[in-house]
Amino acid sequence: MALDTADLGALITAASEILDVAAEPFVSGHRADSAVRKGGNDFATEVDLALERQITDALVEATGIGVHGEEFGGPPIDSPLVWVLDPIDGTFNYAAGSPMAAILLGLLRDGEPVAGLTWLPFADQRYTAVAGGPLIRNGVAQPQLQPAELSDSLVGIGTFNVEWRGRFPGRYRLAVLEGLSRVTSRPRMHGATGIDLAYVADGTLGGAISFGHHVWDHAAGVAMVRSAGGVVTDLSGADWTVRSDSALVAAPGVHGQILQILEQVGAPGDY
């Protein structure tokens, strides 16, 4: 489906107004208890469920585009156009009372992120971007990311239990963290993938490593990092897609240095 920058901008304006409205119940529901137990030790709060319904209904009414949400699903992610929504990124943080939580909303066209919005209501930070345009933070266009050094950079990395198994075992993740620490003493675990990606886009973080595969955690941030001039791949260095099992996003220069560390660590299956 053909959409130019103006069309995308109009959709982002409509979506921004909807997220601004949603920010009020997001803030008031802070420290919400677990309501729905999901796989492993994951859960959703009643606020997750209510916000997804509220934002989905408003987006469909305002834009006519369907919504694929974390909690309730929706149209296929390779649809001609579909919103991808995570009503609360960092649910553990949110339930515990930490302000490191966000609303993530990406727009996919035939499976490609073409726009992204990340709202951090507790920090009063609002990020938007459309393909071909700059990153916008609180209404102000941000400069393009410049080449940087890993040794000078903060790097976001996903949380883990060292005994975890699966695609990226805990001991593999520990080895990655160890490798990073040899070059930079500044790894950070925010516990919210979307926040990590937004902070890479605006230059707060030099890079971020996500061991996750959920499209709703990544779509908004991938669109923003690309718009900001960053590099986006999976952990093997292949181009990131909505089917990728991981993500490595970083400023130019930093991305290549992190990728070298991942190559030195070796294959996840070896752990």
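Residues numbered from 1 in each chain as written. Predicted model: local features only at pLDDT ≥ 70, side-chain atom pairs only at ≥ 80, totals over all residues. Heavy atoms only, no water.

1. Things to note about the overall build of the chain
Alright, step 1. Regarding its fold elements, the chain presents seven helices and 14 strands.
Alright, step 2. Its C-alpha radius of gyration of 18 Å places the chain within 12% of the 18 Å reference for a compact globule of 271 residues.
Alright, step 3. Principal-axis analysis of the C-alpha atoms gives the chain an extent of 50 × 40 × 30 Å.
Alright, step 4. For the chain, the proportion of its 271 residues judged to be buried stands at 52%.
Alright, step 5. The long-range fraction of contacts in the chain, counting pairs at least 24 apart against all pairs at least 6 apart in sequence, stands at 62%.
Alright, step 6. Surface accessibility of the chain: about 11200 Å² in total, with carbon and sulfur atoms responsible for 51%.
Alright, step 7. Side-chain charges in the chain split into 16 positive and 32 negative, and the spacing between the mean points of these groups amounts to 7 Å. (Helix = DSSP H or I, 4+ residues; strand = E, 2+ residues; numbered from the N terminus. Rg over C-alpha atoms; globule rule 2.2 N^0.38 Å. Buried < 20%, exposed > 50% of the residue type's maximum accessible area, 1.4 Å probe, protein only. Contact = heavy atoms within 4.5 Å. Areas by Shrake-Rupley, 256 points an atom, 1.4 Å probe, with all protein chains shown as cover. Lys, Arg positive; Asp, Glu negative; His and termini not counted. Charge placed at Lys NZ, Arg CZ, Asp CG, Glu CD.)

2. Some details on the pattern of salt bridges
Alright, step 1. Per the counting criterion, the structure on display carries seven salt bridges.
Alright, step 2. The partner of R126 in a salt bridge is D124, with the nearest N and O atoms 2.7 Å apart.
Alright, step 3. Classification of R126 by relative accessible area gives partly exposed; the value is 23%.
Alright, step 4. Owing to a relative accessible area of 48%, D124 belongs among the partly exposed residues under this scheme.
Alright, step 5. The network of salt bridges with shared partners includes D20, D124 and R126. (Salt bridge = Lys/Arg side-chain N within 4 Å of Asp/Glu carboxyl O.)

3. Considerations on the sheet that holds strand β8 (residues 136-137)
Alright, step 1. The strand order across the open sheet formed by seven strands is β3-β4-β5-β6-β7-β8-β9, and the pairing between neighbours is mixed. Both edges of this open sheet fall to β3 (67-69) and β9 (140-141), since each of them pairs with a single strand only.
Alright, step 2. In the sheet, β3 pairs with strand β4 (residues 82-89) via three bridges, with the strands oriented parallel. From the neighbouring strand, G69 faces β4, where its bridge partner is L85.
Alright, step 3. Strands β3, β4, β5 (102-109), β6 (112-120) and β7 (125-130) of the sheet are contacted by helix α6 (residues 215-228), whose axis makes an angle of about 100 degrees with β6. (Pairing = 2+ DSSP bridges. Axes fitted to C-alpha atoms, helices over the stretch in contact; angles between N-to-C directions.)

4. Regarding the domain arrangement of the chain
Alright, step 1. Segmentation of the chain into domains returns domain 1 (5-141) and domain 2 (150-270).
Alright, step 2. Each of domain 1 and domain 2 was reduced to a C-alpha centroid, and the two centroids are 21 Å apart.
Alright, step 3. The interface is formed by 35 residues belonging to domain 1 together with 24 residues belonging to domain 2.
Alright, step 4. With both chains or domains summed, domain 1 and domain 2 bury close to 2200 Å², and 65% of this area falls on carbon and sulfur atoms.
Alright, step 5. In terms of surface lost to domain 2, no three residues of domain 1 exceed M100, P113 and L135, which account for 22% of the buried area on that side.
Alright, step 6. Taken together, domain 1 and domain 2 are joined by three salt bridges.
Alright, step 7. Put simply, E112 and R226 hold a salt bridge, and the shortest N to O gap is 3.2 Å.
Alright, step 8. The interface formed by domain 1 and domain 2 includes nine residue pairs in polar contact (both at pLDDT 80 or more).
Alright, step 9. If you list the elements that add at least two residues to the side of domain 1 that touches domain 2, you get β4, β5, β6 and β7. (Domains from an automatic or database assignment. Buried area = accessible area lost by both parts, 1.4 Å probe. Polar contact = N/O pair within 3.5 Å; in protein donor to acceptor, adjacent residues only side chain to side chain.)

5. Comments concerning the sheet that holds strand β12 (residues 207-210)
Alright, step 1. Read from one edge of the open sheet, five strands run β11-β10-β12-β14-β13, paired in mixed fashion. Taken across any chain shown, the strands that pair with only one partner, and hence form the sheet edges, are β11 (187-188) and β13 (231-233).
Alright, step 2. The pairing of β13 with strand β14 (residues 247-250) spans three bridges and is antiparallel. In the strand pairing of β14, V232 is matched with V249.
Alright, step 3. This element, helix α4 (residues 170-181), spans β10 (155-157), β11 and β12 of the sheet and lies at about 170 degrees to β10.

6. Section: the packing of helix α5 (residues 193-201) against α6
Alright, step 1. Across the interface, α5 lies against α6 with an axial gap of 8 Å and an inter-helix angle of 5 degrees. Regarding the angle of α5 to α6, the classification is roughly parallel. Judged by residue contacts, T193, G194, L197, A198, V200 and A201 of α5 engage D217, H218, G221, V222, M224, V225 and A228 from α6.
Alright, step 2. Residue composition of the contact of α5 with α6, by class: eight nonpolar, four polar and one charged. (Parallel < 35°, antiparallel > 145°, perpendicular 65-115°, else oblique. Nonpolar A, V, L, I, M, F, W, Y, C, P; charged D, E, K, R; others polar.)

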